[in-house]
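Understanding the architecture of this molecule
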Amino acid sequence: MRTSVPLAHAYRLLNHGPTTLVTTAHGGRRNVMAAAWVMPLDFEPPKFAAVVAADTFTRELLDAAGECVLQVPTTEQLQLTYDCGSRSGRDGDKFTALGIGTSAASLVAAPLVDGCAAWLECRVLAEPDLATRHDLFVLECVAAWADDRWWHNGEWQFAPAGPRSLHHLKGGVFFATGERLAAARPRRSS
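Note that the structure is predicted; figures quoted are calculated from it, not measured.

Quick notes on the overall build of the protein chain
Regarding its fold elements, the protein chain presents four helices and 14 strands. Rg of the C-alpha trace for the protein chain: 16 Å, near the compact-globule value of 16 Å for 190 residues, within the 12% margin. With the C-alpha coordinates aligned to their principal axes, the bounding extent of the protein chain is approximately 60 × 35 × 30 Å. Put simply, the protein chain has 190 residues, and 42% of those count as buried. A separation threshold of at least 6 residues defines the contact pool for the protein chain, and within that pool the share at least 24 residues apart is 69%. Here the protein chain has roughly 10,000 Å² of accessible surface; of this, 52% comes from carbon and sulfur atoms.

Right, dumping it as structure tokens:
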């Protein structure tokens, strides 16, 4: 079940570096793409950096709409994630072609991809030089959600044998989020 994540904790949804799905919508058109270069940038208000190449359909819609949704797909969506990153939305609606279920976002027009582990509704912050020179967008998160099967007490708790987030390596090769480890907190010196 989708549960709201306090905006002060939104960075935690992407802090572990997963591959994301980016959805955009404008003027009756919509698109979804896979993106490996998305990361947290600031805590409050929560900001993220995302690289979206200038020649992509997602970029066209992102420039027009000024908003998007970042999603964290799971290992159950491995092929879907690869397919979303391997074809262009200019060739037809990927949602229809790939049978992608969606839900309405709460504050932006771009759809939420069903089955993901997290969803971050974002608005573009004006940084035209970064977008033009580096294809880099600064996004402010305005609403955040996580699936309560894996998000507990403000953090990810993926089961080793269950669905986990994906990390792209190259050309269709991914890693799944690995073993959870915790270091001991350092003792305070007196």
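Focus on the nonpolar core
Core analysis: the biggest nonpolar cluster contains 29 residues, and Leu13, Leu70, Leu120 and Trp156 have the highest contact counts within it. If you tally residues by element for this core, the top one is strand 10 (residues 136-147), at five residues. Apart from the residues within four sequence positions on either side, Leu70 is in contact with Leu14, Leu21, Val22, Val38, Phe48, Ala118, Trp119, Leu120, Cys122 and Leu139. Within the second largest apolar cluster, 14 residues are counted, among which are Leu21, Cys84, Leu112 and Cys116.

Some words on the pattern of salt bridges
According to the stated counting rule, one finds 10 salt bridges in the structure shown. Taking the shortest distance from any N to any O, the salt bridge between Lys47 and Asp42 comes out at 3.5 Å. Residue Lys47 is classed as buried on the basis of its relative accessible area, which comes to 19%. One salt bridge in this structure joins Arg90 and Glu60, with 3.1 Å as the shortest N-O distance.

Some words on the environment of Gly92
Along the polypeptide, Gly92 turns up in the loop between helix 2 (78-86) and helix 3 (94-98). Measuring from C-alpha to C-alpha, the distance between Gly92 and Thr75 comes to 25 Å, with 17 residues separating the pair along the chain.

Details of unusual backbone geometry
At the junction of Glu44 and Pro45, the peptide bond is cis and its omega measures out at -5° in the coordinates. In this structure, Pro45 sits in the loop between strand 4 (38-42) and strand 5 (47-51). Residues other than glycine seldom take positive phi values, yet Asp135 does so here, at roughly 60°. The topology assignment puts Asp135 in the loop between helix 4 (128-134) and strand 10.

A few points about helix 1 (residues 57-65)
Taken together, the buried positions of helix 1 are occupied by Phe57, Thr58, Arg59, Leu61 and Leu62. Where the residues of helix 1 are buried, they touch strand 2 (20-26), strand 3 (29-35), strand 6 (67-72), strand 9 (118-125), helix 4 and strand 10. Gly66 sits one or two residues past helix 1 and shows a positive phi near 70°.

Overview of the environment of Leu120
With respect to the helices, strands and loops of the structure, Leu120 is situated in strand 9. Classification of Leu120 by relative accessible area gives buried; the value is 0%. Between the C-alpha atom of Leu120 and that of Leu139, which follows or precedes it by 19 residues, the distance is 10.0 Å. Excluding residues that lie within four positions of it along the chain, Leu120 makes contacts with Ala10, Leu13, Leu14, Phe48, Cys68, Val69, Leu70, Cys141 and Ala143.

Here we look at a nonpolar patch on the surface
On the surface, Leu169, Val173 and Phe175 cluster together into a nonpolar patch covering about 280 Å² of accessible area. Summarising the element assignment, Leu169 is placed in strand 13 (residues 166-170). Judged by its relative accessible area of 47%, Leu169 is partly exposed.

What counts and what doesn't
Residues numbered from 1 in each chain as written. Predicted model: local features only at pLDDT ≥ 70, side-chain atom pairs only at ≥ 80, totals over all residues. Heavy atoms only, no water. Helix = DSSP H or I, 4+ residues; strand = E, 2+ residues; numbered from the N terminus. Rg over C-alpha atoms; globule rule 2.2 N^0.38 Å. Buried < 20%, exposed > 50% of the residue type's maximum accessible area, 1.4 Å probe, protein only. Contact = heavy atoms within 4.5 Å. Areas by Shrake-Rupley, 256 points an atom, 1.4 Å probe, with all protein chains shown as cover. Core = buried A, V, L, I, M, F, W, Y, C linked by side-chain atoms within 4.5 Å. Salt bridge = Lys/Arg side-chain N within 4 Å of Asp/Glu carboxyl O. Patch = residues over 30% accessible without salt bridge, like charges linked within 9 Å, V, L, I, M, F, W, Y side chains within 5 Å.

By themselves, these are just geometric observations and shouldn't be taken as functional.
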